[in-house]
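Below, each chain spelled out in residue letters.
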Amino acid sequence: MIYVNSVIKLLAGLGENNKFIRVCWISPKSEELFVINITNSKKMELPYPMKMEDLINDLQEFRAEKVEYEQDLRIISPSNEYLEKYAKKLSDKWNLIKDIVPIEPDIYFSTERMRLFQSIKDKTGVEYNVLYDLLKRYWFYGKCINGLLPNYFDSGAEGEDREYKTRPGRKGKNIKILDDGDFKNFKKAVDKFLIGEKLNIVETHLRMCEEYYAVSFYRKRGKLVPSVDETKAPSEKQFRYWYNKNYSLRERKGHSLGQRRMKKEFRALLGSNSMYIEGPGYLYQIDSTPADVSLLAIDHKTPIGRPTLFIVKDVFSRKVVGFHVSVNHASWVEGAMMALENAATDKVEFCKKYGVDIDPEEWDCYHLPRNIVADRGEMKSKYPNGLVGIGVDIANTPSYRPDLKGVIEQHFHITNRTIRDFFRNYGAILKDKREPGDSKSDDTAAITLDTFIIFMIEHIIAFNKMSLPREFVVGPEMFKEHVELTPNRLWEWGATKNLLHERPKNLIHYTLLPKMTAKVTRFGFELKANTKLYYACKEGEDEGWFISESIDGYKEIEISYDPRDCSAILIRLKSGKLVYCFLTEKFNEYKGLSFDDAKAMFEYRTQQYKALSKSNKQAKRERRALVIPYIKADVDAKKAAKALEGDKPLGKREARAKEANSRKSADAFTNQWPEQPHEVVQEVSEIVEKAASNAQLPSENKLSDFLRHKYKDKKRSSHA
């Protein structure tokens, strides 16, 4: 199936290079599409039309193939530092084209495109070539806003320190060069005056200079007045630049307006026309809630309480596109991340893990949306920011505003009501507050986590087949085409708008997982945390990363990791390629452990080393005290031997042989055996003699025969 952002590899003939194209737009009836050549980032082109039939024929006849390919992940998914550094440039560029890129397919035709360009030029004065460049980059990187970021990765002298002979920047009256001491004063001034006393930036700078840069004082009406040399103090422009650079707009608004007013006036306006729901995949809502049922552990007898249920729902069709159940409290890793991954996962494969075989059309949603709305819970962190790099925008609703994500909130009411009815006698929580005499849900609990997940799978499949609520507003197009009012049919009908898009699975994992820095060493990638684990991969061994202790010229690299399992990590090369790395053989026993468990084991080792450090030192002292007297005795004997003259010392080889011979007898095991008394030997001879004269001793007894003959031979030899 071809979707927006699908990448197709056009296979070339002999002597030619393969070409990669990305799908930018698909017509409502999926007859035509616009694609863009993404083979060369140095020479970007405009999209051009194709027939869907021709592309499908190429795929079926193996002249083309659908691939998982991204041109440059450094642009699509940059580091937080790079994104923050060029956030202003990115915002300015996006504001130029944000109103024209949704106008599809008109934007792909030159005549209509020039008309749109003219309207922008009339307003901003921006030339056509600038707009062309922005549009090409936007389409080239899969309609990703981050594609507009400046590409400075392969330019400049990265990592090299520059030496300035003169003060950089424009020259003015102020000639002061700022240092770390000035930056500390800036921080103290912001905390004390701008935040503490609610002064504006001008007054804050004035007070800072009076307090930290006064060179002298004079008296005025009996009061001391500070005097500041303006040429030796930071200027207001320098202070303002530092403040704007180190504090985000949200933080600056909080300083001037207060946190409460800032949250009220500067929040996402989700009810605006820009958030109009165009079709499936335009907007997903995600949230979590405790399920109204108490579960049992895997031993079927220990209650573990209520699970946390995460649901991802498409707003247009009301279809449940993903979910996750966790026994932990709501968090990014244990809930939101897993639910989003599930929303973009093949549901047939997912359900099969729990023994549920479904047909693909029963739950045919495994895509990424354009926008996601969540609350200010586990999604309010740095981890979801990476979703922007794969074409998904995040909007967090303000506190105490569940009405802004009413679709998902209402679904929780329906789901929990079904759970209470279904498990009424098996651990359902029927009341929010238990009254005296009511039974405990833990006492009646009977189902495990896996059973509850199976129930949720069947419940979601059934829900997606059922009719929409009566409050659902039917649009004119739905009425004309007599669309069946179920989430499944509405999803299928709206999918022709081609708002759904897809990304490679490893890219989704890299984007969703938390990040950490790893150091390249000869032992592998060493994680820079309390878990000194090492990872390696075949590609790294072949390329010699661990011999040179560097990768792409860097000693450190950013990695993605799953806190629940330390068995593997995911790294991104400078070229943008994603590579899986696994624990080295030294740490094979750590496979399957969480990072917290591994960290605890390393901390235990450290604690043991510290605890035994004192006893180790004492053991060394004891060893020295006990051995030194013997050494001194040998040293004295050596001096005494040298004092004796006359005996010529033996050669080294002869002395070594003599020492070895003397040790043979001393070290023999027989020296450790006890001496045998004479009475015992006499007693043995008597026993043998008696055995020889005993007629009843069976001749078959070989031991007796042996002793008898042995005794006779000995007696004959003695007489002789």
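Residues numbered from 1 in each chain as written. Predicted model: local features only at pLDDT ≥ 70, side-chain atom pairs only at ≥ 80, totals over all residues. Heavy atoms only, no water.

1. Considerations on the confidence of the model for the chain
For the chain, per-residue confidence averages 80 on the pLDDT scale, and residues scoring 70 or more make up 81% of the total. Per-residue pLDDT stays below 50 along residues 269–275; that stretch engages in 10 contacts with residues further than four places along the chain or on separate chains. (pLDDT = per-residue confidence, 0-100. Contact = heavy atoms within 4.5 Å.)

2. What to know about the environment of Pro 49
If you trace the backbone, Pro 49 turns up in strand β4 (residues 48–51). With a relative accessible area of 56%, Pro 49 lands in the exposed category. A sequence separation of 14 residues divides Pro 49 from Val 35, and the C-alpha atoms of the two residues are 6.3 Å apart. Excluding its chain neighbours within four sequence positions, the residues that come into contact with Pro 49 are Leu 33 and Phe 34. (Helix = DSSP H or I, 4+ residues; strand = E, 2+ residues; numbered from the N terminus. Buried < 20%, exposed > 50% of the residue type's maximum accessible area, 1.4 Å probe, protein only.)

3. As for the pattern of salt bridges
Under the criterion given, the structure shown has 24 salt bridges. Of the charged contacts, one joins Arg 489 and Glu 492 as a salt bridge, the two residues approaching to 3.2 Å between their closest N and O atoms. Pair noted here: Arg 489 and Glu 492 are both in helix α18 (residues 487–494), with a separation of 3 residues, about one helical turn. Residue classification places Arg 489 among the partly exposed residues on the basis of a relative accessible area of 37%. Here Glu 492 falls in the partly exposed class, since its relative accessible area comes to 38%. Taking the shortest distance from any N to any O, the salt bridge between Arg 564 and Asp 562 comes out at 2.6 Å. Judged by its relative accessible area of 28%, Arg 564 is partly exposed. Linked through salt bridges whose partners overlap, the residues forming this network are Asp 58, Glu 61 and Arg 63. (Salt bridge = Lys/Arg side-chain N within 4 Å of Asp/Glu carboxyl O.)

4. So, the state of the cysteines
Any covalent bond linking the sulfur atoms of two cysteines counts as a disulfide. Per the counting criterion, the structure on display carries 0 disulfides. For the unlinked cysteine Cys 351, the closest cysteine sulfur is that of Cys 365, found at 9.9 Å. (Disulfide = S-S within 2.5 Å.)

5. With respect to the sheet that holds strand β5 (residues 64–67)
Pairing within the open sheet is antiparallel, and its 5 strands lie in the order β4-β3-β2-β1-β5. Either end of the sheet is taken by a strand with one partner, and the two such strands are β4 and β5. Here the average twist between neighbouring strands, direction ignored, is 40°. Bridge count for strand β1 (residues 7–10) against strand β2 (residues 19–26) is 4 bridges, and the pairing is antiparallel. (Pairing = 2+ DSSP bridges. Axes fitted to C-alpha atoms, helices over the stretch in contact; angles between N-to-C directions.)

6. Let's talk about empty space enclosed by the protein
Across all of its chains, the model carries 1 cavity of 30 Å³ or more by this definition. Considered as a void within the structure, the largest cavity measures approximately 60 Å³ in volume. Taken together, 12 residues form the lining of the largest cavity, with Leu 340, Ala 344, Leu 368, Pro 369 and Ile 372 sitting closest to its centre. Where the lining of the largest cavity is concerned, the elements lending two or more residues are α12 (332–343) and α19 (505–512). (1 Å grid on protein atoms, 1.4 Å probe; cavity = no way out; pocket = protein on both sides within 12 Å on 5 of 7 lines; lining within 4 Å. Points joined across faces, edges and corners; volume = space filled by probe spheres on them.)

7. Points about the nonpolar core
Taken as a class, soluble globular proteins show a tendency for nonpolar side chains to be buried jointly. Ranked by internal contacts, the top residues of the largest apolar core, which has 90 residues, are Ile 97, Phe 323, Trp 363, Phe 452, Met 456 and Ile 457. Element by element, the count of residues in this core is highest for helix α16 (residues 449–465), at 8 residues. Leave out the neighbours within four places in its chain, and Ile 457 touches Phe 323, Phe 350, Cys 351, Tyr 354, Val 356 and Trp 363. Core analysis: the second largest hydrophobic core is formed by 28 residues, Ala 536, Phe 546, Ile 551 and Ile 571 among them. (Core = buried A, V, L, I, M, F, W, Y, C linked by side-chain atoms within 4.5 Å.)

8. Examining the sheet that holds strand β19 (residues 565–572)
The 6 strands lie next to each other as β15-β16-β17-β20-β19-β18, forming a closed barrel whose pairing is antiparallel. Going across the sheet, the axis of each strand differs from the next one's by a mean of 40°, ignoring polarity. Relative to β19, strand β18 (residues 556–562) runs antiparallel, the two sharing 4 bridges. Within the sheet, the bridge partner assigned to Ser 560 lies in β19 and is Leu 570. Set on the sheet, α19 makes contact with β15 (515–521), β18, β19 and β20 (578–583); between it and β20 the angle comes to about 70°. The strands that helix α22 (residues 595–643) touches are β16 (524–527), β17 (534–536), β18 and β19; relative to β19, the one it contacts most, it runs at about 110°.

9. Notes on a nonpolar patch on the surface
Together, Leu 626, Val 627, Ile 631 and Val 635 line one region of the surface with nonpolar side chains, adding up to about 340 Å² of accessible area. Summarising the element assignment, Leu 626 is placed in helix α22. (Patch = residues over 30% accessible without salt bridge, like charges linked within 9 Å, V, L, I, M, F, W, Y side chains within 5 Å. Areas by Shrake-Rupley, 256 points an atom, 1.4 Å probe, with all protein chains shown as cover.)

10. Focus on the packing of helix α8 (residues 201–212) against helix α9 (residues 236–246)
Put simply, α8 and α9 touch, their axes get as near as 10 Å, and they point 115° apart. Two packed elements cross with a definite hand, and for α8 against α9 that hand is right-handed. Here α8 contributes Ile 201, Val 202, Thr 204, His 205 and Met 208 to the contact with α9, which in turn contributes Glu 236, Phe 239, Arg 240 and Tyr 243. Tallied by class, the residues present in the contact of α8 with α9 amount to 5 nonpolar, 2 polar and 2 charged. (Left-handed = near helix turned anticlockwise from the far one by under 90°. Nonpolar A, V, L, I, M, F, W, Y, C, P; charged D, E, K, R; others polar.)

11. Description of unusual backbone geometry
Geometrically, the link from Glu 104 to Pro 105 is a cis peptide bond, its omega value of 5° lying close to zero. Along the polypeptide, Pro 105 turns up in the loop between α4 (87–97) and α5 (110–124). Despite not being glycine, Asn 5 shows a phi value in the positive range, around 80°. Within the secondary structure, Asn 5 is located in the segment before β1.

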